Amino acid sequence: MEDKQLMKDAKMCTRWALGLTFILIFAFPGTMFLTGYNYTLQFFKGWTYLAFAWLVIAGLYISIRPWVEVYLEKRQ
Amino acid sequence: MLTSTTGYMILLIFGVFFTGLTIIMQRRSKTKMTAEEFSTAGRSVGTRLASASIIAAWTWAATLMMSSSTGFQYGISGPYWYAAGACIQVLLFAIVAIHLKRKAPKAHTFLEFIGKRFDQKNHKLMMFFALMTNIIVTAMVILGGAIALNSLTGMNVYVAALLIPLTFTIYTMIGGLKASFIADYLNTVMIFVILTIFATVVYMKFGTTTIYEGLRALPESQQMLTMASVPGLLFGMINIIGNFGTVFVDQSYWQRAIASKDSAASKAYIYGGVAWFSIPFAIATFLGVTAAGLGLNITDPDASAPLMAAELLGSVGSILFLVMLFMAVMSTGAAELTAITNIIVTDIYRKSINPTASSEKTLKVSRIVTLSFGLAMGILSVLLFNIGIGLGFVYMAMGIFVSGAVIPLTIGLLWKRATNNGCFYGALAGMVSGITVWLLSAHMLSGEITVESLGQLHAMLYGNVTVFVVSGVISIGHALISKQEFDFEAMKDQFKSFDEEEKELQLATEREVI
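Note that this is a predicted model, so its numbers are computed, not measured. Residue positions are given per chain, counted from 1 along the sequence in the order it is written. A letter from A marks each chain and a number from 1 marks each ligand, given out in the order of writing. With the structure being a predicted model, the display of local features is reserved for residues of pLDDT at least 70 and the display and counting of side-chain atom pairs for 80 or more, all residues being used for whole-chain, interface and lining totals. The side-chain values count all of the structure's non-hydrogen atoms but skip hydrogen atoms and water molecules.

Novice: Could you give an account of the nonpolar core, with specific residues and numbers?
Specialist: Residues and elements named next belong to chain B. The biggest cluster of nonpolar side chains holds 200 residues, and the ones touching the most others in it are Trp60 and Phe321. Under the scheme used here, helices are H or I runs from DSSP no shorter than 4 residues and strands are E runs no shorter than 2 residues, and both carry numbers assigned from the N terminus. When residues of this core are assigned to their parent elements, the largest contribution, 23 residues, is made by helix 14 (residues 304-353). Contacts are assigned to residue pairs that have any heavy atoms within 4.5 Å of one another. Discounting chain neighbours no more than four positions away, the residues touching Trp60 are Val137, Met140, Val141, Thr246, Tyr253, Ala328, Thr332, Tyr395 and Met398. We call a set of buried Ala, Val, Leu, Ile, Met, Phe, Trp, Tyr and Cys residues a nonpolar core when their side-chain atoms join them within 4.5 Å. The buried label goes to any residue with under 20% of its type's maximum accessible area, the exposed label to any with over 50%, and the partly exposed label to all in between, with areas taken from a 1.4 Å probe on protein chains only. By size, the runner-up hydrophobic cluster in this structure holds five residues, among which are Met33, Ala35, Leu363 and Phe498.

Now the structure itself:
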């Protein structure tokens with residue numbers, strides 16, 4: 001049973017890892033490189049907002065979730 | 001500029017704080033510290049704490065300094081290539097982490113797995129790669145911290161290099177991997193908070209339009225506002241290839257999988273990788289690219305981040321940057337130190353020197369190794385600094401030295417047909433040919449072999465690519481030709497925790513007495 005769950009997890013994380021790798025390394029930069037797109041002011045703004053939003057969301061998630069995890073474990 | 005007293009104070013405050021916290025936690029802990037607990041944190045760490053720890057271990061001084069340097073030099077493609085190029089290894093590592101959990105549930109190091117999966121020569125070679133990775137990374141982390149302390153506070157660089165390891169060595173020696181996890185969490189949170197402050201101040205003080213116009217006005221504007229930057233792409237390729245070695249061959253990442261609960265092992269790397277992306281992406285965009293856009297007079301791109309931090313908030317900015325950098329240095333240093341300790345204790349001491357050592361004895365040896373290596377790393381960093389080898393050079397050259405083991409190691413874990421000879425000669429030939437191609441191409445491109453010619457993007461790229469191609473062709477090719485098959489199921493029960501080994505030993509002794 002435990003091994004079955006690990007196999008299930010392995011399949012899921014393989015899909016996520018390969019999918020994200022494809023998007024981050026090939027799909028997005030590949031398209032941007034091949035088109036030679038030059039950032040407009042609007043696009044540059046969006047780019048910096050993305051960097052900021054990603055930072056804040058990741059920071060909140062990493063800071064708060066361990067406490068939620070501890071709380072849920074204690075309740076169980 | 002800050003005074004050197006500020007530098008000493010930061011070292012003292014953080015060293016005392018984390019040591020105090022570890023002692024308090026040890027006293028409040030209901031479980032007794034054993035050798036197993038010291039090296040695996042009880043294998044009970046949840047997904048989120050493990051994610052935070054992975055982020056902390058992967059956030060080096062270079063992540064903060066070098067990523068900003070790429071933003072300053074290559075424009076918007078630099079931050080992206082730094083973040084994406086070094087994040088995918090963590091994501092892909094999730095795959096091997098979960099397979100280690102399945103195939104060697106009670107292993108302490110990935111080398112322990114290699115020792116049982118392959119023969120002795122493979123175990124020794126992989127151990128060489130693993131120790132080399134840990135030693136270079138630790139030295140680089142200390143070097144980065146010392147250079148930053150020196151440039152921001154004027155603190156003596158040699159004293160800084162010798163004092164920095166002390167701060168994380170003491171608490172790691174007391175609390176082992178668990179202490180490292182707690183410190184990692186606090187450090188990660190602090191890094192996110194400080195980065196958010198910097199990003200907010202950039203928006204409030206300058207706004208994106210000023211920076212954009214500044215970038216457009218630069219002579220090299222052709223590459224500053226596009227992802228189609230060739231130097232940016234070359235850096236990205238080196239970053240992708242080189243960093244595989246520093247993740248896959250570094251025990252500190254395997255250790256986080258070993259310490260995690262079964263359910264957390266794979267998810268932690270996915271969450272950790274995605275969250276980690278935001279750190280270099282944001283710091284390089286808001287400090288590196290912004291510094292270029294504002295036209296700051298920066299002669300050394302590696303110093304763009306601290307100088308931009310000082311530009312944003314004056315002395316407060318410098319202190320915040322220093323604190324953030326020091327947090328990164330501490331957590332990576334502690335992670336590397338526990339990794340080195342685990343390798344020496346599990347794969348050298350318990351395997352070859354004293355296989356029947358009690359838990360108490362093993363714990364004592366672990367602490368001695370942690371202390372000795374912590375102090376030795378400071379000395380090595382001073383030596384590297386004296387030779388004139390800088391942060392950027394070591395960062396980009398590392399892959400050539402350590403990536404030879406990546407493919408043999410990965411196929412050894414995932415593929416039953418991987419062979420002893422294929423993996424051994426693949427890893428060895430990969431490293432040798434990579435170094436040869438690196439030296440030759442540096443000579444051919446510049447007419448001489450110097451630190452400067454070796455540090456060129458093209459020479460680094462050729463060396464890095466050769467390592468992967470040669471090691472991959474030999475190890476996979478030999479496996480396909482020989483058609484051997486390995487039974488992973490049979491090795492599953494061969495791994496035992498230190499506590500289990502001690503119990504078995506006690507039972508055997510009792511039986512003998514009877």
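Novice: Would you mind going over the packing of helix 6 (residues 110-117) of chain B against helix 7 (residues 120-153) of chain B in detail, with residue names and values included?
Specialist: Think of two packed helices as two axes; the pair is described by the angle between the axes and how far apart they sit. Residue and element names in this part refer to chain B. In the contact formed by helix 6 and helix 7, the axes pass within 8 Å of each other and the chain directions differ by 160°. Considering the angle they form, helix 6 stands roughly antiparallel to helix 7. Crossing of helix 6 against helix 7: the hand is right-handed. Of the residues in helix 7, those in contact with Phe110, Leu111, Ile114 and Gly115 of helix 6 are Asn122, His123, Met126, Met127 and Ala130. Angular values range over 0 to 180 degrees, each being the angle between N-to-C directions of two axes fitted as lines to C-alpha atoms, with helices fitted over their stretch in contact. Any angle that is under 35 degrees is reported as roughly parallel, and any over 145 degrees as roughly antiparallel; angles of 65 to 115 degrees are reported as roughly perpendicular and all others as oblique. For any pair of crossing helices, the crossing counts as left-handed if the nearer helix is rotated counterclockwise from the farther one by less than a right angle, and right-handed if it is rotated clockwise.

Novice: Can you break down the interface of chain B and chain A residue by residue, with the values?
Specialist: Each partner contributes to the interface: chain B provides 61 residues, whereas chain A provides 48 residues. Together, the buried faces of chain B and chain A total about 4700 Å²; carbon and sulfur atoms form 74% of this surface. The term salt bridge refers to a pairing of a side-chain nitrogen on Lys or Arg with a carboxyl oxygen on Asp or Glu at a separation within 4 Å. Notably, a salt bridge pairs Glu69(A) with Arg48(B), separated by 3.2 Å at the nearest N-O pair. Here a polar contact is recorded for every N or O atom pair within 3.5 Å, except that within protein the pair must consist of a potential hydrogen donor and a potential acceptor, and residues adjacent in sequence are included only if both atoms are side-chain atoms. One can count 13 residue pairs in polar contact (both at pLDDT 80 or more) joining chain B with chain A. The leading source of residues in the side of chain B that touches chain A is helix 5 (residues 77-103) of chain B, at 14 residues. We define buried area as the total accessible area lost by two parts upon association, computed with a 1.4 Å probe and summed across both.

Novice: I'd like a description of the packing of helix 2 (residues 41-75) of chain A against helix 13 (residues 265-293) of chain B, backed by residues and values.
Specialist: Running from amino to carboxyl end, helix 2 of chain A crosses helix 13 of chain B at an angle of 135°, the nearest separation of the two axes being 8 Å. Between helix 2 of chain A and helix 13 of chain B, the crossing angle belongs to the class labelled oblique. For the pair helix 2 of chain A and helix 13 of chain B, the crossing hand works out as left-handed. Where helix 2 of chain A abuts helix 13 of chain B, its residues Trp47(A), Thr48(A), Leu50(A), Ala51(A), Phe52(A), Trp54(A), Leu55(A), Ala58(A), Tyr61(A) and Ile62(A) lie against Tyr271(B), Val274(B), Ala275(B), Phe277(B), Ser278(B), Phe281(B), Ala282(B), Thr285(B) and Phe286(B). In this count, Pro and Cys sit with the nonpolar residues alongside Ala, Val, Leu, Ile, Met, Phe, Trp and Tyr, while Asp, Glu, Lys and Arg are called charged and the others, Gly among them, polar. Here the residues of the contact of helix 2 of chain A with helix 13 of chain B sort into 16 nonpolar, three polar and no charged.

Novice: Provide a residue-level description of the pattern of salt bridges, including the pertinent values.
Specialist: Any two side chains of opposite charge can pair, given that their charged atoms come close. All names here are of chain B. Inspection of every chain in the model, using the stated rule, returns six salt bridges over all chains. Taking the shortest distance from any N to any O, the salt bridge between Asp262 and Lys101 comes out at 3.8 Å. Of this pair, Asp262 sits in the loop between helix 12 (251-259) and helix 13 while Lys101 sits in helix 5, placing them 161 residues apart in sequence. Here Asp184 makes a salt bridge to Arg256, at a shortest N to O gap of 3.0 Å. Within this pair, whereas Asp184 is found in helix 8 (residues 157-205), its partner Arg256 is found in helix 12, the two being separated by 72 residues in sequence. Judged by its relative accessible area of 0%, Asp184 is buried. For Arg256, a relative accessible area of 0% puts it in the buried group.

Novice: A description of helix 18 (residues 420-446) of chain B should follow, citing residues and the corresponding values.
Specialist: All names here are of chain B. One less than the number of residues in a helix, times 1.5 Å, gives the span that helix is expected to have. The end-to-end C-alpha distance of helix 18, which contains 27 residues, comes to 39 Å, matching closely the 39 Å that a straight helix rising 1.5 Å per residue would cover. N-capping of helix 18 is provided by Thr419, with a side-chain oxygen placed 3.1 Å from the backbone N of Gly422. The first or second residue beyond helix 18 is Gly447, which carries a positive phi of 80°.

Novice: Describe in detail the environment of Asn150(B), supporting the description with residues and values.
Specialist: Residues and elements named next belong to chain B. Mapped onto the fold, Asn150 is located in helix 7. Each C-alpha atom, one on Asn150 and one on Gly7, is 8.3 Å from the other, the two residues being 143 residues apart in sequence. Residues contacting Asn150, with those up to four places away along its chain left out, are Met155, Asn156 and Val157.

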